[in-house]
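Tertiary structure, described
Here is how the chains run, residue by residue.
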Protein chains: 2
Amino acid sequence: MEGKTSSSPERGELLHEGKAKRVYSTSQPDLYIQEFKDSATAFDGSKKGTIGGKGSVNCLVSAKLFKLLESRGVKTHFVDLISDNEMVILPVEIIMVEVILRNVAAGSLVRNLGFEEGKPLVPPICEFHIKDDAIHDPLIADDHVIALGLATAEELGILREYGKKINETLIEFFDGIGIDLIDFKVEFGRRPDGTIILADEISPDSCRFWDKETGKKLDKDRFRFDLGDVEEAYQEILERTGASM
Amino acid sequence: MEGKTSSSPERGELLHEGKAKRVYSTSQPDLYIQEFKDSATAFDGSKKGTIGGKGSVNCLVSAKLFKLLESRGVKTHFVDLISDNEMVILPVEIIMVEVILRNVAAGSLVRNLGFEEGKPLVPPICEFHIKDDAIHDPLIADDHVIALGLATAEELGILREYGKKINETLIEFFDGIGIDLIDFKVEFGRRPDGTIILADEISPDSCRFWDKETGKKLDKDRFRFDLGDVEEAYQEILERTGASM
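Just so you know, these numbers come straight off a predicted model, no measurement behind them. (Residues numbered from 1 in each chain as written. Chains lettered and ligands numbered in written order. Predicted model: local features only at pLDDT ≥ 70, side-chain atom pairs only at ≥ 80, totals over all residues. Heavy atoms only, no water.)

Turning our attention to the relation of the copies chain A and chain B. For the pair chain A and chain B, the superposition axis carries a translation of 0.0 Å, the fit reaches an RMSD of 0.0 Å, and the rotation angle comes to 180°. The transformation relating the two chain copies, once decomposed into turn and shift, fits a two-fold axis. Of every C-alpha in chain A, the one belonging to Ala141(A) sits nearest the axis of rotation, 2.6 Å from it. Counting the interface residues of chain A, we find that 100% of their copies in chain B are interface residues as well, pointing to one common contact surface. (Least-squares fit on C-alpha atoms with pLDDT ≥ 70 in both. Contact = heavy atoms within 4.5 Å.)

Following this line, the structure appears as structure tokens:
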């Protein structure tokens, strides 16, 4: 396969297929392969479509950001790129809590909680949501996470600390390429020894990016709300971040 | 007025009318009167009705529980009963955060968050909701309360501590009269010197009470879900608590 390094493990059976990614076992027990798809969904899967080139953009941008975060001391599941839409990752047990960091009010904060869109959030808000489309990924408080057995109080402290560090790193990076990081969602996983590492992806699917000059949205909101130029926005993020094989 | 004590202040102008209560000024600047109505609403005001005798039950039960809590060191807005549906209270600026304590999963925990009804919650869950029917009193986390300026982090610590103490006191009291306290909502207010005290009411409108033997619901869920015997349930709570003028 073009772009595949000589040390890449062989792809094994499909272990999990989500809305935007597939995860495969490999010939090596402690390595999986995560493949990024072009298919796009929104509103808990009720809106479906395809964004040409999305899999590749999200894979390359995620790899770039995972490497940046690793350099700042945040452990991630990223091991290596093997093609423009496949990466080798460390297997984890995904923590079923989505961690959302918000620097500016948008999305559900405006829709559900009465915030004014565009209001700066100082300090940033860190939210936990149950990762479960069937009940619409509801916002919850620490007590619910613990009562549902999704994570311990100690783990939530770690998620909050990592979320803050990831946010600070990404704000600085995107500021340098003319983009305001409005908010983003990250997911974490437990390694066999209980260590928590960053998993999933960081991409225009999981972040809100607003151009600093024009305010133009350069993320999945263009797909969600039929704003046009969807593929162009993904390509622009790829170019500005300088992400590549 | 029958039952009115000689020292009761005179009722002045109507300051606020809510769904279930009215608040009046009085001839004394630091005393208000809270009057309890028979009118009942549910689902953010979309269901309306009347529960005969409710105003009186809720007033007398609240007075009884406020006195009990005062004896355990929880400061409340309660001063005195002046009739079976009016109490003299201390004026407060209501904190626009509803505090919900849950000992057993029911209501929105089951409807929205995937909990199994009847699941014991050990330790109890303490929730904060924005007090705003227009946006359906949404569950929020501490960060949102602070970002919206509804309360400070220090105040949230106090609300959580008071909520826990109130819960422990009420569990013990209701256990002694054959009732499981499933959950309840309380509201707090700031006094002019910034002190936070318990306000509003504690009644079958704001609590879930399940009979320990039969599991029968003895609270506003009988009205919400048309379970019948609504007035009888309120009267039973009045009788079992021994609340009176």
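As a further point, take the packing of helix 1 (residues 54-71) of chain A against helix 4 (residues 153-175) of chain A. All names here are of chain A. At a minimum axis distance of 10 Å, the contact between helix 1 and helix 4 shows a crossing angle of 120°. Relative to helix 4, helix 1 is oriented oblique. Seen along the crossing, helix 1 lies across helix 4 with a hand that is right-handed. Seen from helix 1, the contacting residues are Lys64, Leu65, Leu68 and Leu69; seen from helix 4, they are Ile166, Thr169, Leu170, Phe173 and Phe174. Looking at the contact of helix 1 with helix 4 residue by residue, the class counts come to seven nonpolar, one polar and one charged. (Axes fitted to C-alpha atoms, helices over the stretch in contact; angles between N-to-C directions. Helix = DSSP H or I, 4+ residues; strand = E, 2+ residues; numbered from the N terminus. Parallel < 35°, antiparallel > 145°, perpendicular 65-115°, else oblique. Left-handed = near helix turned anticlockwise from the far one by under 90°. Nonpolar A, V, L, I, M, F, W, Y, C, P; charged D, E, K, R; others polar.)

The subject of this paragraph is the interface of chain A and chain B. Chain A puts 20 residues into the contact, and the matching count from chain B is 20 residues. Across the interface of chain A and chain B, roughly 1600 Å² is buried in total on both sides, 69% from carbon and sulfur atoms. Sorting the residues of chain A by area buried against chain B places Leu113(A), Asp143(A) and His144(A) first, and these three jointly supply 31% of that buried surface. At the surface where chain A touches chain B, the tally comes to zero salt bridges. (Buried area = accessible area lost by both parts, 1.4 Å probe. Salt bridge = Lys/Arg side-chain N within 4 Å of Asp/Glu carboxyl O.)

Attention now moves to the domain arrangement of chain A. Residue and element names in this part refer to chain A. Annotation of chain A at the domain level lists domain 1 (13-89) and domain 2 (93-228). Centre-to-centre, using C-alpha coordinates, domain 1 lies 17 Å away from domain 2. Facing 30 residues of domain 1, the contacting portion of domain 2 comprises 25 residues. Both faces combined, the contact of domain 1 with domain 2 buries some 2400 Å², and carbon together with sulfur accounts for 60% of it. Asp226 serves as the salt-bridge partner of Lys47, at 2.7 Å between the closest nitrogen and oxygen. In this structure, the connection of domain 1 to domain 2 is made through 20 residue pairs in polar contact (both at pLDDT 80 or more). Counting residues per element, the ones that place at least two in the side of domain 1 that touches domain 2 are strand 3 (32-36), strand 4 (39-42), strand 5 (47-50) and helix 1. Broken down by element, the side of domain 1 that touches domain 2 gets its largest block of residues, ten residues, from helix 1. Of the residues contributing to the side of domain 1 that touches domain 2, the split by class is 13 nonpolar, seven polar and ten charged. (Domains from an automatic or database assignment. Polar contact = N/O pair within 3.5 Å; in protein donor to acceptor, adjacent residues only side chain to side chain.)

Bringing the side chain of Thr26(A) into the picture now. All names here are of chain A. In this fold, Thr26 is placed in strand 2 (residues 21-26). Of note is the side chain of Thr26, whose polar atom sits 2.9 Å from the backbone oxygen of Gln28. Filtering out sequence-adjacent residues up to four positions away, Thr26 remains in contact with Pro9, Glu10, Gly12, Leu31, Tyr32 and Ile33.

The subject of this paragraph is the sheet that holds strand 7 (residues 86-89) of chain A. All names here are of chain A. Read across the open sheet, the five strands follow the order 1-2-3-7-6; overall the sheet is antiparallel. With partners counted over all chains shown, the strands left at the sheet margins are strand 1 (11-17) and strand 6 (78-83), one partner each. Sheet twist, expressed as the average angle between the axes of neighbouring strands with direction ignored, equals 30°. Looking at chain direction, strand 1 and strand 2 are connected through four bridges and run antiparallel. Among the inter-strand pairings, Leu14 is bridged to a residue of strand 2, identified as Tyr24. (Pairing = 2+ DSSP bridges.)

Let's shift gears to the environment of Arg224(B). Along the chain, the position of Arg224(B) falls in helix 5 (residues 221-224). Sequence separation between Arg224(B) and Glu201(B) is 23 residues, and the spatial gap between their C-alpha atoms is 19 Å.

The next thing to look at is the sheet that holds strand 6 (residues 78-83) of chain B. Residues and elements named next belong to chain B. Sheet architecture is open: five strands sit in the order 1-2-3-7-6, paired in antiparallel fashion. Edge positions in the sheet fall to strand 1 (11-17) and strand 6, since each has one partner strand and no second. The average undirected angle you get between the axes of adjacent strands in this sheet is 30°. Both strand 3 (residues 32-36) and strand 7 (residues 86-89) contribute to a ladder of four bridges, which runs antiparallel. Within the sheet, the bridge partner assigned to Ile33 lies in strand 7 and is Val88. Running at roughly 150° to strand 6, helix 1 (residues 54-71) makes contact with strand 3, strand 6 and strand 7 of the sheet.

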